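One-letter residues, chain by chain:
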Amino acid sequence: MRKPVIIAVAGGSASGKTTVVKEILDKLDLKDVEIIKHDDYYLDQTNLSMDDRIKINYDHPSSLDNDLLVSHIDGLLKGHAIDCPTYNFVTNNRSAETRRIEPKKVIILEGILILTDSRIRELSDIKLYVELDDDTRFIRRLQRDIAERGRTVESVIDQYLNTVKPMHHKHVKPTKRFADVIIPNDYKHSVAVDIIVSKIKMILGEDK
Ligand SMILES: Nc1ncnc2c1ncn2[C@@H]1O[C@H](COP(=O)(O)OP(=O)(O)O)[C@@H](O)[C@H]1O
Ligand SMILES: Nc1ccn([C@@H]2O[C@H](COP(=O)(O)O)[C@@H](O)[C@H]2O)c(=O)n1
């Protein structure tokens, strides 16, 4: 099998990374694609109390185990299966279960800080950045975190002001310059998705 095509998708929290990835997936053969969420590589915090876990800056690159992720990408590129960690936003910790991932033709890496690590950038064939203004991202995050991540209005606001917003401007947004394609998520972007899918098919040699 040809080595997998690696696609890295960055962008601020709630900018629409997952949504854009779904749009790309809709145009590819699902059996050929695997998604790896950078969130699943947050460091294990089993030894910390819930109070201490809440204080962690989850928007700083040091909160993620990139050494493990890089070794997993290397493994997939060599044709080996990996056991991907899984993450629980309600407990703020890694789950006990891992997820077996077999090498696939296309591997999509997704996360706010995925383009901060030069090793991951170098391993990626296509780098994308999903862009959306801060206000809209905050509103979407507030709704999502309450509905899906067990948060309160106050906790989302505190976290946003203390870490999410400043880290976005310090660590996330500057990685936009590494992107091959910037996708605005406040406007139709079906042409951008079509171009990305064509490029993936070209790399896979399926564009004839
Ligand atoms: N273009 C859009 N219009 C309206 N809602 C959107 C759009 N894109 C994403 N959303 C919603 O915004 C929230 C965050 O989007 P998501 O794709 O999960 O962001 P991310 O993966 O970047 O955190 C989700 O509830 C999603 O349904
Ligand atoms: N325990 C955690 C871990 C991470 N976060 C936040 O998740 C955001 C990244 O996920 P997106 O789906 O929004 O891209 C990031 O901004 C972290 O603040 C968290 O709240 N709790």
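As the structure is a prediction and not an experimental result, all values here were calculated from the model. (Residues numbered from 1 in each chain as written. Chains lettered and ligands numbered in written order. Predicted model: local features only at pLDDT ≥ 70, side-chain atom pairs only at ≥ 80, totals over all residues.)

(A) Spotlight on the overall build of the protein. Along the backbone of the protein there are seven helices and seven strands. Along its sequence from the N terminus, the protein presents helices and strands in the succession β-α-β-α-α-β-β-β-α-β-α-α-β-α. For a compact globule of 208 residues, the expected C-alpha radius of gyration is about 17 Å, and the protein comes in at 17 Å, within 12% of that figure. If one aligns the C-alpha atoms of the protein with their principal axes, the spans along those axes are about 55 × 40 × 30 Å. Every one of the 208 residues in the protein was classed for burial, and the buried ones make up 32%. Taking contacts inside the protein between residues at least 6 apart in sequence as the whole, the part at least 24 apart equals 76%. (Helix = DSSP H or I, 4+ residues; strand = E, 2+ residues; numbered from the N terminus. Rg over C-alpha atoms; globule rule 2.2 N^0.38 Å. Buried ≥ 20, exposed ≤ 12 C-beta atoms within 10 Å, placed from the backbone. Contact = placed C-beta atoms within 7 Å.)

(B) Structural context of the site of ligand 2. Taken together, Ser13, Ala14, Lys17, Asp39, Tyr42, Tyr58, Asp59, Phe89, Asn92, Ile112 and Val164 make up the full set of residues near ligand 2. Considering only residue class, the shell around ligand 2 consists of six nonpolar, two polar and three charged. (Near = placed C-beta within 6 Å. Nonpolar A, V, L, I, M, F, W, Y, C, P; charged D, E, K, R; others polar.)

(C) Examining the site of ligand 1 more closely. By nearness alone, every residue bordering ligand 1 is listed as Gly11, Ser13, Ala14, Ser15, Gly16, Lys17, Thr18, Thr19, Arg140, Arg144 and Asn185. Looking at the shell around ligand 1, the elements that each hand over two or more residues are helix H1 (17-25) and helix H5 (134-148). With three residues, the single largest contributor to the shell around ligand 1 is H1. For the shell around ligand 1, the residue count by class is one nonpolar, seven polar and three charged.

(D) Inspection of the nonpolar core at higher detail. Core analysis: the biggest nonpolar cluster contains 40 residues, and Ile7, Ala8, Val9, Ala10, Leu109, Ile114 and Leu128 have the highest contact counts within it. Among the secondary structure elements, those contributing two or more residues to this core are strand E1 (5-11), H1, helix H3 (66-77), strand E3 (82-88), strand E5 (106-110), strand E6 (126-131), helix H6 (153-172) and helix H7 (190-204). Apart from residues no more than four positions distant in its own chain, isoleucine 7 is found in contact with Val106, Ile108, Leu109, Ser124, Asp125, Ile126 and Leu128. (Core = buried A, V, L, I, M, F, W, Y, C linked by C-beta atoms within 7 Å.)

(E) Molecular detail of the sheet that holds strand E7 (residues 181-184). Read across the open sheet, the five strands follow the order E2-E5-E1-E6-E7; overall the sheet is parallel. At either margin of the open sheet sits one strand with a lone partner, and together these are strand E2 (33-37) and E7. Mean inter-strand twist for the sheet, computed between neighbouring axes without regard to direction, equals 20°. Pairing between E2 and E5: five bridges, direction parallel. Across the sheet, isoleucine 36 pairs through a bridge with leucine 109, a residue of E5. (Pairing = 2+ DSSP bridges. Axes fitted to C-alpha atoms, helices over the stretch in contact; angles between N-to-C directions.)

(F) Structural context of unusual backbone geometry. A positive phi angle, near 65°, is found at alanine 14, a position not held by glycine. Among the structural elements, alanine 14 can be located in the loop between E1 and H1. Among the residues examined, alanine 14 registers 23 C-beta atoms within 10 Å and is labelled buried. We note that asparagine 92 has phi near 55°; this positive angle belongs to a residue other than glycine. For asparagine 92, a count of 19 C-beta atoms within 10 Å corresponds to the partly exposed category.

(G) Geometry of the confidence of the model for the protein. With 99% of its residues at a pLDDT of 70 or more, the protein shows a mean pLDDT of 95. The complex model carries a pTM of 0.96, and its ipTM stands at 0.97. (pLDDT = per-residue confidence, 0-100.)

(H) Quick peek at the environment of lysine 17. Counting through the fold element by element, lysine 17 comes out in helix H1. Not counting the four nearest positions on each side in its chain, lysine 17 is found in contact with Val9, Gly11, Glu110 and Val130.

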